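Analysis of the macromolecular model
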Amino acid sequence: MANQDFPLIFELSQESRTGFSLPEFDVPETNIDEQLGEAFVRESEPELPEVSELQIMRHYTGLSTRNHGVDSGFYPLGSCTMKYNPKVNEDIARLTGFSHIHPLQPAEQVQGALELMYDLQDILAEITGMDSVTLQPAAGAHGEWTGLMMIRAFHEGNGDFNRTKVIVPDSAHGTNPASATVAGFEAVTVKSNEKGLVDLEDLKRVVDESTAALMLTNPNTLGLFEEHIEEMASIIHEAGGKLYYDGANLNAILGYARPGDMGFDVVHLNLHKTFTGPHGGGGPGSGPVGVTAEFEPFLPKPILVKREDGFDFDYERPKSIGRVKPYYGNFGINVRAYTYIRTMGAEGLKKVSEYAVLNANYMMRRLQKEYELPFDQHCKHEFVLSGKLQKKLGVRTLDIAKRLLDFGYHPPTIYFPINVEEAIMAEPTETESKETLDSFVEAMLQISEEAKHEPEKVQEAPHTTIVSRMDETTAARKPVLRYQKVEE
Amino acid sequence: MEFRYLPITEKDKREMLSTIGVQSTDELFADIPESVRCNGELNIKPPKNEYALTKELTQLASRNINIKAHTSFLGAGVYDHYIPSIVDHVISRSEFYTAYTPYQPEISQGELQAIFEFQTMICELTGMDVANSSMYDGGTALAEAVNLSAGQTKRQKVLVSKAIHPESLAVIHSYVKGPGLEIVEIDHVNGVTDMDQLESELDEDTASVVLQYPNFFGQIERLDRVRELVDQQKKTMMITSSNPLALGYLTPPGEFGADIVVGDAQVFGIPAQYGGPHCGYFATTKKLMRKVPGRLVGQTKDEEGRRGFVLTLQAREQHIRRDKATSNICSNQALNALAASVAMSSLGKQGVRKMSWMNIQKASYMKKQLEESGFEIAFTGAFFNEIVVKLNQDVDMVNRKLLEKGIIGGYNLSRDFPELSSHMLLAITEIRTKEEVDQFIKEVGDICG
């Protein structure tokens, strides 16, 4: 540890110091070692830190100040919908009646929780235009896999075992092809055209009787609405395939358009994006899946049903793809999303998309003056620039991102989507004020000037962060993935 | 209606539209074909103000019977433990919970270091070399481990003990449909995995053997025997799912030569919250480091030689490898991993051992008292904090009567194990008092007497 390094919690440890207050030991002692047998009693203790409560609090408070969240500043990370996380959601999720209930309590003891889940399913079905929703998947990628497994079960239920391929656009999130593989399919790529939309001719070329589904994000990862969606739906449907909606970008179209009306058969949502469940530094998320009526028999079990005497779970689902997760999904995140939706209502949700799209277009048009805009048309909730012009000056997109750190911003997503060179993908979200957007734009314009006149300032950025650029090569070549105490 | 999360004013809007060069926001949506556009409003309840909504949802929450106002003996994979107050204070720091995956290390050192510490703590408890930054939960982590073992060994058959959590078993069955693996379920005898059946099913096509330690019935599986059996087949992997709190006192699976250890860190500082989000963990050997699903944080240095942390070995992951990735996992349970880290730091090496020890002691007390009161304990082997008692009445009926006395009884095992009708799985954690245990036995005695 160098002097200026922030200590690891293990480095604060002193033997016999404690940070706990365990309940009283109030029963007669049993010789449990004899019960367990010698081989099963742990010999060496796990090296957990021995620290006081204040040390722990200072340690983690210190770490928190070394971290940037939405509450710290602007976070236009494209495709992640880093909007404000309402505080009332946190309070509601922590109510004892929601946080301290056990998933294996009989249904009659938890009717309040089941009512909330049932109502949330109905609302998400209405928002997406689907017939049924399951809350079981834990995150977006988990929802993708769940949806694809249902599509697989559907085809196999029709005696159709030859649908082995899932088509994904070249601009798709990495999870799409990965989920297809995990579900046992082969991922096939369809190209984008010069307008940034799925190339219909290429789609016709790759579609055949082996097509199980097309996975699509709409608006796509370039922030563009796939305006030929109905034609695409009929190409897929006529070939006997199904249309899968990746809900990562739903924030753009709430109340404006619904995947169900566009012809999608299966939809997943990311409640931690569009519906404000916080991102938590990487999770937990929640990835509900909505389906049309013909997929209902295949939903993960159990499904939540409303009977005369209340809500209950139905396990008698012979065609179900089975369980995708123990219990019933990430309930705590679902409570937050529900609180948000009930705060906004239909009127508020439509405004969410209106302002998300307004903010993105405003920022895009202002930035277009200095940054190449590969697809010059109105965007939806996000847009993709290319750092091509700056690259010619020796300043890469990575450098621009790092320079933004000096201004107190989390940079946009970079080098994604992969079909745009030196991509800069920005999603401001609707919860940001015009002043924030303006300041960010000013910073981006200044960086563009710096690229021309003092490129090293950008190339060597960041200059103001607590650490500078990390040696990622060594990290991958000689991985150190845990702390080891240095023997003195 | 005002919306406090939406800061754009009418004046802002006019200026912005003018910069964009359009008259109205509707023009920005003109690329959505008329035929698929929504007509009219979504059919959702109208917006509600903060006070009224809080009141409504507080009332809804109060309609649930919670495990804090009652004395609960329900475990079966989700446990009610002491949660240090400090845990929620730390995870409420919004620099943590409003951030996402730490893609920019210069402004994410806090999260990255916290995960690095979590990885270390999981390695310490499990006795393994490498742990990832977390998984959705113990059940899906176990299913990922199964798929990994098949990919690694190029074998298709997996032997899974029936004494693992039945919902994890169900998840495994769903997950293996993708790669098309064969699952052979191994029965339990006297509450532990049938070693004879395991031995006879184990062959050169077996990718892995999957057990839970302690198992679903709370019993301690003979991992030493399992290792001996697995060693007879060169490549076969040994996978265990383990309650990490139990490993504070029990010999960790790593010391028995486990290849993959997974489980759920819910026991450390994470409330039950109706089954999720919890916090899966995934630990393995150095050899399998590059096959691990999910995020890994590694230590490195910055340009000035200062210690720092980064996401590493990303070539395994979906955003780089796409269809060739080791898993499709993207989001994980980082905030809950943080909660678990705080709880583990609070306990420290003395506390985790003591808490683990207390669980075994209190469960032992329950067992003895039940036996003395004439109840039959189903299994005779060593256990952690759960025991199975055989009643002379239907478990659901007993539980309904217990609830009238303010007690949430144990799990009805006949739901998953038809052979265990009238068997109740009881969890006795460190927070149950002698008095509560005594009262439980008295009440059950009255009901079944």
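Since the structure is predicted, the reported quantities are computational estimates derived from the model, not experimental observations.

For chain A, the helix and strand inventory stands at 16 helices and twelve strands. For 488 residues, the compact-globule estimate of 2.2 N^0.38 gives 23 Å, and chain A sits close to it at 25 Å. When the backbone C-alpha atoms are referred to their principal axes, chain A occupies close to 75 × 70 × 45 Å. Across the 488 residues that make up chain A, the buried fraction comes to 59%. When contacts within chain A are restricted to residue pairs at least 6 apart in sequence, long-range pairs at least 24 apart make up 72% of them.

Take the overall build of chain B next. What chain B contains, in helices and strands, is 13 helices and 17 strands. Over its C-alpha atoms, taken along the principal directions, chain B stretches across nearly 80 × 55 × 50 Å. Per-residue burial for chain B yields a buried fraction of 61% across its 449 residues. Counted over contacts in chain B with a minimum sequence separation of 6, partners at least 24 positions apart contribute 72%.

Next up on the list: the pairing of strand β8 (residues 303-307) of chain A. Residue and element names in this part refer to chain A. Pairing between β8 and strand β9 (residues 310-314): five bridges, direction antiparallel. Residue pairing across strands places Val 305 opposite Asp 312, the latter belonging to β9. Linking β8 to β9, which pair antiparallel, is a turn of two residues.

Our next topic: the sheet that holds strand β7 (residues 289-291) of chain A. Residue and element names in this part refer to chain A. In space, the seven strands of this open sheet follow the order β1-β7-β6-β5-β4-β2-β3, with mixed pairing throughout. Either end of the sheet is taken by a strand with one partner, and the two such strands are β1 (132-134) and β3 (186-190). Neighbour to neighbour, the strand axes of the sheet diverge by 25° on average, direction disregarded. Direction of pairing for strand β5 (residues 242-247) relative to strand β6 (residues 266-269): parallel, over a ladder of four bridges. In the sheet register, Tyr 245 faces β6, and the bridge partner there is Val 267. On top of the sheet, helix α6 (residues 140-157) reaches β2 (165-169), β4 (211-216), β5, β6 and β7; it is set at about 165° to β6, its chief contact.

The subject of this paragraph is the domain arrangement of chain B. Residue and element names in this part refer to chain B. According to the domain assignment, chain B consists of domain 1 (71-82 + 348-448) and domain 2 (86-342). Taken over C-alpha atoms, the centre of domain 1 sits 27 Å from the centre of domain 2. On the domain 2 side, the residues contacting the 25 residues of domain 1 number 19 residues. Breaking the side of domain 1 that touches domain 2 down by element, the ones donating at least two residues are α11 (334-372) and β14 (386-390). Per-element accounting of the side of domain 1 that touches domain 2 gives the leading share, seven residues, to α11. Taken together, the residues of the side of domain 1 that touches domain 2 break down into 14 nonpolar, seven polar and four charged.

A few words now on the sheet that holds strand β12 (residues 423-426) of chain A. All names here are of chain A. Pairing is antiparallel across the open sheet formed by three strands, whose spatial order is β10-β12-β11. Sheet topology places β10 (383-386) and β11 (413-414) at the edges, where each strand pairs with a single neighbour. Looking at chain direction, β10 and β12 are connected through four bridges and run antiparallel. By the bridge assignment, Phe 383 is partnered in β12 with Ala 426.

In this section: the packing of α11(B) against helix α13 (residues 434-448) of chain B. Each pair of packed helices can be described by the angle between their axes along with the distance between the axes. Residues and elements named next belong to chain B. Where α11 contacts α13, the axes come no closer than 10 Å and their chain directions differ by 30°. As judged from the angle between their axes, α11 and α13 are roughly parallel. Remark: the crossing between α11 and α13 carries right-handed chirality. Together, Tyr 365, Met 366, Gln 369 and Leu 370 of α11 and Lys 434, Val 437, Asp 438 and Ile 441 of α13 make up the contact between the two elements. Here the contact of α11 with α13 is composed, by residue class, of five nonpolar, one polar and two charged.

Listed per partner, the contact involves 173 residues of chain A and 169 residues of chain B. Here the element with the most residues in the side of chain A that touches chain B is helix α11 (residues 331-367) of chain A; it accounts for 22 residues.

So, on to the domain arrangement of chain A. Residues and elements named next belong to chain A. Taken as a whole, chain A is organised into domain 1 (88-343) and domain 2 (353-473). With centres defined by C-alpha atoms, the gap from domain 1 to domain 2 works out at 31 Å. Contact with domain 1, which involves 18 residues of that partner, is made by 15 residues of domain 2.

This next bit is on the nonpolar core. One finds Tyr244(A) and Val146(B) to be the most contacted residues of the largest nonpolar core, which totals 290 residues. When residues of this core are assigned to their parent elements, the largest contribution, 20 residues, is made by α11(A). Setting aside chain neighbours within four positions, we find Val146(B) in contact with Val158(B), Ile172(B), Tyr175(B), Val176(B), Ser208(B), Val210(B) and Ile239(B).

Bringing helix α2 (residues 53-65) of chain A into the picture now. When the terminal C-alpha atoms of α2(A) are compared, their 18 Å separation across 13 residues agrees well with the 18 Å that a helix rising 1.5 Å per residue should span. Among the residues of α2(A), those classed as buried are Ile56(A), His59(A), Tyr60(A), Leu63(A) and Ser64(A). What you see down the axis of α2(A) is that its buried residues fit within an arc of 135°, all on one side. Structurally, α2(A) contributes buried residues whose contacts are with α3 (85-91), α4 (94-97), α5 (109-126) and α11 of chain B.

As for its placement among the helices and strands, Met1(B) is situated in the segment before α1 (10-20). Take Met1(B): there are 10 C-beta atoms within 10 Å of it, and that puts it in the exposed class. Distance in space between the C-alpha atoms of Met1(B) and Gly280(B) is 42 Å, their sequence separation being 279 residues. What Met1(B) contacts, discounting residues up to four positions off in sequence, is Glu347(A) and Pro47(B).

Right, let's talk about the environment of Pro259(A) for a bit. Residue and element names in this part refer to chain A. Checked against the element boundaries, Pro 259 lands in helix α10 (residues 259-262). Taking the C-alpha atoms as reference points, Pro 259 and Glu 456, 197 residues apart in sequence, are found 46 Å from one another. Residues contacting Pro 259, with those up to four places away along its chain left out, are Thr 128, Gly 129, Tyr 245, Phe 264 and Val 267.

Here we take up the packing of α5(B) against α11(B). Residue and element names in this part refer to chain B. Here α5 crosses α11 at 60°, and the two axes come no closer than 9 Å. As far as their axial angle goes, α11 and α5 are oblique. Of the two possible hands of crossing, α5 and α11 adopt the one that is left-handed. Contacts between α5 and α11 involve Glu 111, Ala 114, Ile 115, Glu 117, Phe 118 and Met 121 on the former and, on the latter, Ala 334, Ala 337, Leu 338, Ala 340, Ser 341 and Met 344.

Reading guide: rules and limits
- Residues numbered from 1 in each chain as written.
- Chains lettered and ligands numbered in written order.
- Predicted model: local features only at pLDDT ≥ 70, side-chain atom pairs only at ≥ 80, totals over all residues.
- Helix = DSSP H or I, 4+ residues; strand = E, 2+ residues; numbered from the N terminus.
- Rg over C-alpha atoms; globule rule 2.2 N^0.38 Å.
- Buried ≥ 20, exposed ≤ 12 C-beta atoms within 10 Å, placed from the backbone.
- Contact = placed C-beta atoms within 7 Å.
- Pairing = 2+ DSSP bridges.
- Axes fitted to C-alpha atoms, helices over the stretch in contact; angles between N-to-C directions.
- Domains from an automatic or database assignment.
- Nonpolar A, V, L, I, M, F, W, Y, C, P; charged D, E, K, R; others polar.
- Parallel < 35°, antiparallel > 145°, perpendicular 65-115°, else oblique.
- Left-handed = near helix turned anticlockwise from the far one by under 90°.
- Core = buried A, V, L, I, M, F, W, Y, C linked by C-beta atoms within 7 Å.
- Expected span 1.5 Å × (residues − 1).
- Arc of directions from axis to C-beta.

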